[in-house]
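Read off the chains here:
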Amino acid sequence: MSDEKTDDFTTREALFYHETIRPGKIEIVPSKPVATQRDLSLAYSPGVAAPVEAIARDPLLAGRYTARSNLVAVISNGTAILGLGNLGALASKPVMEGKAVLFKRFADVDSIDIELDTEDPEAFINAVALMEPSFGGINLEDIKAPECFIIEQTLRERMKIPVMHDDQHGTAIIAAAGLINAVHLTGRNFKDVKMVVNGAGASAIACTALIKAMGVPHDNVVMCDRSGPIYRGREESMDQFKSAHAVDTDARSLEEALVCADIFLGLSAAGALKPEWVKKMADQPIIFAMANPTPEIMPDVAQAVRPDAIIATGRSDFPNQVNNVLGFPFIFRGALDVQATAINEEMKIAAANAIAELARERVPEEVAAAYGVNHQFGRDYIIPAPFDPRLIERVSSAVAKAAMDSGVAQVPIEDFEEYRLSLKARLNPTTAVLTQVYEEAKKNPKRVVFAEAEEDVVLRAAIQFRDFGYGTPVLVGRTEKVREKLVELAVSDPDSFEIENSADSSHIEAMNDYLYKRLQRRGYTERDVRRMVNQERNVFASLLLALGHGDAMITGLTRPFAQTAKEVNLVLDPKPGCIPFGIHMTIGKNYTVFLADTTINERPSAADLAQIAKETAAVARRMGHEPRVAFLSYSTFGNPSGKWLENIRDAVAMLDAEEPGFEYEGEMAPDAALNPKVMALYPFSRLSGPANVLVMPGLQSANLSAKLLRELGDNATIGPMLIGMEKPVQIAPMTAIAPDVLTLSVLAAAGTVG
């Protein structure tokens with residue numbers, strides 16, 4: 001499919017994403033109970049008077065009694081929206097909402113987007129400054145240069161809370177972190193390097209200023225814009241911000257400036273750096289080509305002419321991605337936690353150093369296992385992966401300490417070890433791992449069979465699977481019907497999709513032979529087999545998988561789980577030594593719980609329970625969690641007694657004999673497994689904390705629990721995830737929406753579950 005068609009699809013899907021469930025991407029929910037009249041009287045009148053009076057006496061108490069110390073305003077006037085230009089304040093709202101989502105997702109910072117309908121810098125400044133009592137920090141976004149410089153500088157001077165224009169400083173901090181490590185790897189020193197910066201916009205000027213603050217001499221940096229190098233005395237296309245970086249140089253072109261340069265820092269346009277110019281750079285050149293979506297030079301092109309180069313871009317599909325999300329959430333997190341009055345140079349440098357140091361450390365085994373990649377410091381890993389869960393702890397604490405050391409912290413942290421632990425507890429590692437699973441799927445795309453491609457939900461997920469680069473969908477359905485649906489979903493070239501129809505598939509005879517040999521001694525005639533292959537889509541799709549025409553399969557939308565599983569089992573067997581079972585994964589703000597078996601085994605034996613525990617613990621580990629397994633029951637260690645406890649006790653005994661390498665305990669009621677106060681009543685329990693793997697005693701309790709959590713809880717639920725089949729197969733619930741189907745498809749393709 002051409003780029004134009006991809007863009008058409010992406011537009012349609014992006015609009016659908018933003019309008020479904022509820023319009024937009026954010027909502028506000030109360031953080032305290034508001035169920036009773038007493039709750040309401042404490043939340044508002046008369047209870048609210050007490051914190052009002054306390055804050056009037058001591059303004060710093062606003063951080064204790066209100067959400068201000070965890071609240072950032074994301075503010076724009078829409079004059080420079082992404083790469084789209086000046087589209088106005090209202091049009092910037094989706095971007096600002098998205099930035100608020102990133103703040104919450106990566107650093108548990110609450111954000112509210114504010115769009116100001118003015119291009120007058122003074123009016124903008126006045127509006128923002130008047131909001132100082134409302135927020136703990138201000139994140140400026142998508143404001144064009146040179147107004148962005150004036151706005152940020154003036155607000156920093158007028159306001160006593162952190163103000164940062166992320167388009168400038170976010171990129172600068174991550175680029176600086178990468179340069180620290182690139183300079184280290186090549187045996188250089190900042191005070192000696194010669195650097196060429198191509199671009200003179202907000203990001204380029206901020207990067208240059210920060211890198212100079214970190215030790216690169218002013219005269220060692222040549223900045224270029226469309227008119228060439230910015231030299232002393234130049235008059236063309238100059239302003240006060242460019243003039244600050246003018247140097248004495250004989251170079252009058254980017255090509256001339258690059259001769260013997262150690263570093264190229266590009267924040268300009270696609271193709272701006274020519275391969276023949278790269279040849280003229282110093283040994284082991286450092287090339288940061290950060291234009292998006294297409295860099296100044298593609299890494300493979302630069303590598304072809306200079307194999308000794310270290311290269312970074314702004315893209316996730318190449319090593320060393322310069323990604324702002326590594327910085328701004330954690331910088332504000334640290335600044336808010338000490339109620340800093342500013343984000344100063346010391347805090348930015350501390351953030352850059354912390355990010356650089358993290359990349360040099362060995363990635364913990366559990367993180368590497370969850371990511372599926374053994375990252376190791378070197379030329380292709382000078383910047384940490386954007387979803388490394390250690391970022392919040394390292395960067396935020398470094399920023400907070402720098403704020404304290406530089407005198408801008410109003411509420412210093414007394415115990416940094418306790419603070420680091422609190423930072424780690426803020427985020428659920430599952431979200432980071434899931435994001436990384438999607439990234440890894442792009443690097444190793446697979447063929448996934450979508451068994452019910454005539455369904456809008458399934459087809460939408462299949463289109464996303466392909467267009468987001470996760471692999472190739474194989475669509476099962478009536479050819480013309482599927483094509484019609486593709487056209488309805490704004491796919492301009494339905495023939496570009498692979499459709500498998502049992503009415504005319506070239507694989508039919510091989511399928512019939514395979515299935516008849518498999519089922520002939522189970523009471524099935526050849527006629528039965530041909531009918532199933534021709535009429536049952538789950539059988540047909542499973543045969544595509546069995547015969548190697550796909551790597552994984554997703555189904556389940558049109559039939560109950562049990563019926564679908566029965567049809568799949570006609571074709572596919574369990575893994576040797578395994579029993580198939582289902583897991584529901586419930587994801588809360590700070591925790592994830594894995595429930596098993598929720599789909600298949602009505603009354604599992606002791607051996608089944610032990611196997612289910614081991615397999616579910618393995619999934620938990622792959623999702624970034626150290627397993628703590630609880631075998632649940634109505635009874636806690638024999639109280640009350642009953643006749644259904646022996647299987648659980650025998651399963652625990654089997655694990656005792658195996659020493660499986662994870663914590664486990666049972667039998668125990670849910671509160672004894674999850675509630676620390678109840679757990680304290682049983683000091684002999686082998687669980688070091690609340691359980692995160694719950695092995696249920698039977699299908700009835702498991703299925704009821706999973707569905708109740710899905711329907712009554714506010715948490716996200718993924719599943720059921722089918723475990724233990726010889727081929728990766730997932731059976732989505734009949735109520736699934738496209739994102740659910742897509743997630744299960746990617747998990748199956750990536751081998752994270754199954």
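An account of the accompanying structure is given in this report. Bear in mind that the values here come from a model prediction, so they are computed numbers and not experimental data. (Residues numbered from 1 in each chain as written. Predicted model: local features only at pLDDT ≥ 70, side-chain atom pairs only at ≥ 80, totals over all residues. Heavy atoms only, no water.)

1. What about the nonpolar core?
Counting 104 residues, the largest nonpolar core has I75, I138 and F288 as its most contacted members. Sort the elements by how many residues they give to this core and helix α8 (residues 166-185) lands first, with 10 residues. Setting aside chain neighbours within four positions, we find I75 in contact with M96, I114, L116, F124, V128, M131, I138, N139, L140, E141 and I143. (Core = buried A, V, L, I, M, F, W, Y, C linked by side-chain atoms within 4.5 Å. Buried < 20%, exposed > 50% of the residue type's maximum accessible area, 1.4 Å probe, protein only. Helix = DSSP H or I, 4+ residues; strand = E, 2+ residues; numbered from the N terminus. Contact = heavy atoms within 4.5 Å.)

2. Digging into helix α22 (residues 508-519)
Taking 1.5 Å per residue, 12 residues should reach 16 Å; α22 reaches 16 Å between its end C-alpha atoms and fits that length. Next to the buried residues of α22 lie α23 (526-535), α24 (537-546) and α25 (561-569). (Expected span 1.5 Å × (residues − 1).)

3. A short note on unusual backbone geometry
Of note, the amide linkage connecting A596 to D597 takes the cis form, showing an omega dihedral of -15°. When you line up the elements, D597 lands in the loop between β16 (592-596) and α26 (606-622). Backbone geometry at E659 places phi at a positive 50°, although glycine is not the residue there. Mapped onto the fold, E659 is located in the loop between α27 (646-658) and β18 (663-668).

4. A closer look at the pairing of strand β5 (residues 195-198)
Alternating positions in β5 separate into two faces, M195 and V197 on one and V196 and N198 on the other, with burial throughout. Across 4 bridges, the pairing between β5 and strand β6 (residues 221-225) is parallel. Bridging across to β6, V196 finds its partner in V222. (Pairing = 2+ DSSP bridges.)

5. Concerning the pattern of salt bridges
Applying the stated criterion across every chain yields a total of 39 salt bridges. Between K144 and E147 there is a salt bridge, and its shortest N-O distance comes to 2.6 Å. When the shortest N-O distance is used, the salt bridge between K191 and D192 registers 3.5 Å. (Salt bridge = Lys/Arg side-chain N within 4 Å of Asp/Glu carboxyl O.)

6. Some points on the side chain of N601
Relative to the elements of secondary structure, N601 occurs in the loop between β16 and α26. Look past the residues within four positions of N601 in its chain and what remains in contact with it is I579, P580, F581, I612, G698 and L699.

7. Concerning the sheet that holds strand β17 (residues 628-632)
Strand order in the open sheet formed by 6 strands is β18-β17-β19-β16-β15-β20, and the pairing between neighbours is mixed. Unpaired on one side and paired on the other, β18 and β20 (716-723) mark the two borders of the sheet. Each strand of the sheet is rotated relative to its neighbour by a mean of 20°, with strand direction disregarded. As paired strands, strand β15 (residues 581-587) and β16 are joined by 5 bridges and run antiparallel to one another. Bridged to H584 within β16 is L595. (Axes fitted to C-alpha atoms, helices over the stretch in contact; angles between N-to-C directions.)

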